[in-house]
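Coordinates in review
For reference, the chains in residue letters:
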Amino acid sequence: MNKTITLYTKPGCGQCMFTKKFLEKNQITFIEKDIQKSAQALKEVKNLGYASLPVVVIDGQESFSGYQSDRLQALVG
């Protein structure tokens with residue numbers, strides 16, 4: 001079950017760090033987009049309707065914000 005995961009983050013964000021570490025620990029491949037380095041990434045987060053990070057987007061369709069261990073665990077299978 002290969003999914004495309006995009007993780008929107010920013011430096012100094014604890015929940016972003018926990019989410020990233022979870023994905024790495026479970027060997028889930030993801031694309032990280034830092035909203036402070038990329039105006040386009042910030043625009044994408046705003047277009048999704050989120051005002052807080054991290055934002056996790058699955059296959060460009062399903063998304064959620066914050067460190068949600070239950071939803072992350074669902075990616076592991």
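Everything here concerns the structure above.
If you're wondering where the values come from, they're calculated on a predicted model, not measured in any experiment.

Right, let's talk about the overall build of the protein for a bit. Along the protein, the regular secondary structure elements total three helices and four strands. Listing each helix as α and each strand as β along the protein from the N terminus yields β-α-β-α-β-β-α. Taking 77 residues into account, the globule formula puts the C-alpha radius of gyration at 11 Å, and the protein, at 11 Å, falls close to it. Judged by the C-alpha coordinates and their principal axes, the protein covers about 30 × 25 × 20 Å. The buried share among the 77 residues of the protein stands at 36%. For the protein, the computed accessible surface area is about 4900 Å², with 47% contributed by carbon and sulfur atoms. Within the protein, the 7 negative side-chain charges are centred at a point lying 4 Å from the centre of the 10 positive side-chain charges.

Mapped onto the secondary structure, Ala41 falls in helix 2 (residues 39–48). Counting along the chain gives 33 residues from Ala41 to Tyr8, while the straight-line C-alpha distance between them is 7.2 Å. Leaving out residues up to four positions away in the same chain, Ala41 has contacts with Tyr8, Lys33, Asp34 and Ile35.

This part is about the nonpolar core. Soluble globular proteins tend to bury their nonpolar side chains together. Ile5, Leu7, Phe22, Leu23, Ile28, Phe30, Val56, Ile58, Phe64, Leu72 and Leu75 form the largest nonpolar core, which has 11 residues in total. Mapped onto this core, the elements with two or more residues apiece are strand 1 (5–9), helix 1 (14–25), strand 3 (55–58) and helix 3 (69–76). By size, the runner-up hydrophobic cluster in this structure holds nine residues, among which are Tyr8, Cys13, Leu53 and Val57.

All of the buried residues in helix 2 are Ala41, Glu44 and Val45. Looking straight down helix 2, one finds its buried side chains confined to an arc of 100 degrees; they lie on one side. Opposite the buried face of helix 2, at more than 90 degrees from it, the exposed residues are Ala39, Lys46 and Asn47. Buried residues along helix 2 sit in contact with strand 1, strand 2 (30–34) and strand 3. With its phi angle positive at about 95 degrees, Gly49 sits one or two positions after the end of helix 2.

Reading the values: the criteria
Residues numbered from 1 in each chain as written. Predicted model: local features only at pLDDT ≥ 70, side-chain atom pairs only at ≥ 80, totals over all residues. Heavy atoms only, no water. Helix = DSSP H or I, 4+ residues; strand = E, 2+ residues; numbered from the N terminus. Rg over C-alpha atoms; globule rule 2.2 N^0.38 Å. Buried < 20%, exposed > 50% of the residue type's maximum accessible area, 1.4 Å probe, protein only. Areas by Shrake-Rupley, 256 points an atom, 1.4 Å probe, with all protein chains shown as cover. Lys, Arg positive; Asp, Glu negative; His and termini not counted. Charge placed at Lys NZ, Arg CZ, Asp CG, Glu CD. Contact = heavy atoms within 4.5 Å. Core = buried A, V, L, I, M, F, W, Y, C linked by side-chain atoms within 4.5 Å. Arc of directions from axis to C-beta.

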